[in-house]
Every structure is written in C-alpha cells, then in structure tokens.
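Okay, here's what each chain looks like letter by letter:
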Amino acid sequence: MEPPKNAKVYEFPTSTIWFDEDGILYSMGKKAPAETIEESKRTLEQFKEIVGHKKVCMILDVTNAQPNNKETRDFAAKELPPLVKAMALISNSPLGRMMVNLFFGLKPPPYPARMCANEKEAKEWIRQYL
C-alpha cells in the first residue's frame, strides 16, 4: 500500500496513516516495537483528532505490526468501536494473520471486520460501509 501523492500522511510510532479520495483511512504498520499502554493512549488521542472523533472505514496492513500485550489489546477493543465503521485487514505474513485472528478471536469486534488477501479485495469489501 502506498499513500496517494496528494494525501496528507500522518506518522505514528508503529504506523503511517492517510485517507484516500473516498474517505477510507489506510494504516500501514511499521517494523517497530509494539506500543506500551501509555504510548497507545497518546496515539489514540492523536488519532481521534485526525479522524474528527467520527467513525471511519479502515484498511490496515498489519504485515509488519508486532503483537500487543493483553492490556493494550483490551484498551484497543474498548476504545476503537466508537471510531470504526468497518475494518479490513491485510497481512502478507503468518504472524500478522495470527495477530488478527488472536485479537478478533478473543474479543470479536462490534463492527464488521474481515481479513483480506490484498488491498484490492479489502477496498472492494469495505466500500459497502461507506
């Protein structure tokens, strides 16, 4: 995934995010250590400012993301639902797919979520929630 040339790109410690022309939020995970709970709280506050405290459709590439600890996963499971309409996830790695399955298997989200094979499939699926 690559941000469009005209997109405003936001850098976080563990990801890079941007909106496409349809208003879909893309997040590309970085090869970086998993965030602590304190870092996750700061990142979430910045994220809320960027999305305007409203629900968004998201496509996340978690190929390079690192597994979070239980406290951080629980925090995300509590804080993300008011901000997410639907979430499509992509991973080219077995670890990334395992993380997604673990996160959603232990605490299924209250919003539509789907693991997709690639960006094209993710965008086709998520368009129904725009």
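You'll find the structure just up there.
Everything numeric here is computed off the predicted structure, so don't read it as measured data. (Residues numbered from 1 in each chain as written. Predicted model: local features only at pLDDT ≥ 70, side-chain atom pairs only at ≥ 80, totals over all residues. Heavy atoms only, no water.)

**Student:** Help me understand the side chain of Ser91 in this model?
**Tutor:** Structurally, Ser91 is set in the loop between strand 5 (84-90) and helix 3 (94-106). By relative accessible area, which is 4% here, Ser91 ends up buried. In terms of polar contacts, Ser91 uses its side chain to reach the backbone carbonyl oxygen of Ser93, at 3.1 Å. Sequence-distant contacts of Ser91, that is, excluding residues within four places in its chain, are made with Val62, Thr63, Gly96, Arg97, Met115 and Cys116. (Helix = DSSP H or I, 4+ residues; strand = E, 2+ residues; numbered from the N terminus. Buried < 20%, exposed > 50% of the residue type's maximum accessible area, 1.4 Å probe, protein only. Polar contact = N/O pair within 3.5 Å; in protein donor to acceptor, adjacent residues only side chain to side chain. Contact = heavy atoms within 4.5 Å.)

**Student:** It is not clear to me how the environment of Ala7 should be interpreted in this structure. Could you clarify?
**Tutor:** Here Ala7 lies in the segment before strand 1 (10-11). Along the backbone, Ala7 and Ile17 are 10 residues apart, and their C-alpha atoms lie at a distance of 9.7 Å. Sequence-distant contacts of Ala7, defined by excluding residues within four places in its chain, comprise Trp18 and Phe19.

**Student:** Got a minute to help me understand helix 1 (residues 37-51) in this structure?
**Tutor:** Because an α-helix completes one turn every 3.6 residues, residues spaced three or four positions apart along the sequence face the same direction. Taking 1.5 Å of rise per residue, the 15 residues of helix 1 would be expected to cover 21 Å, and the 21 Å separating its terminal C-alpha atoms lies within 8% of that figure. Those residues of helix 1 that sit buried are Ile37, Ser40, Thr43, Leu44, Phe47, Lys48 and Val51. Viewed end-on, helix 1 has its buried residues packed into an arc of 145 degrees, placing them on one side of the element. In helix 1, the exposed positions angled more than 90 degrees off the buried face are occupied by Arg42 and Glu49. (Expected span 1.5 Å × (residues − 1). Arc of directions from axis to C-beta.)

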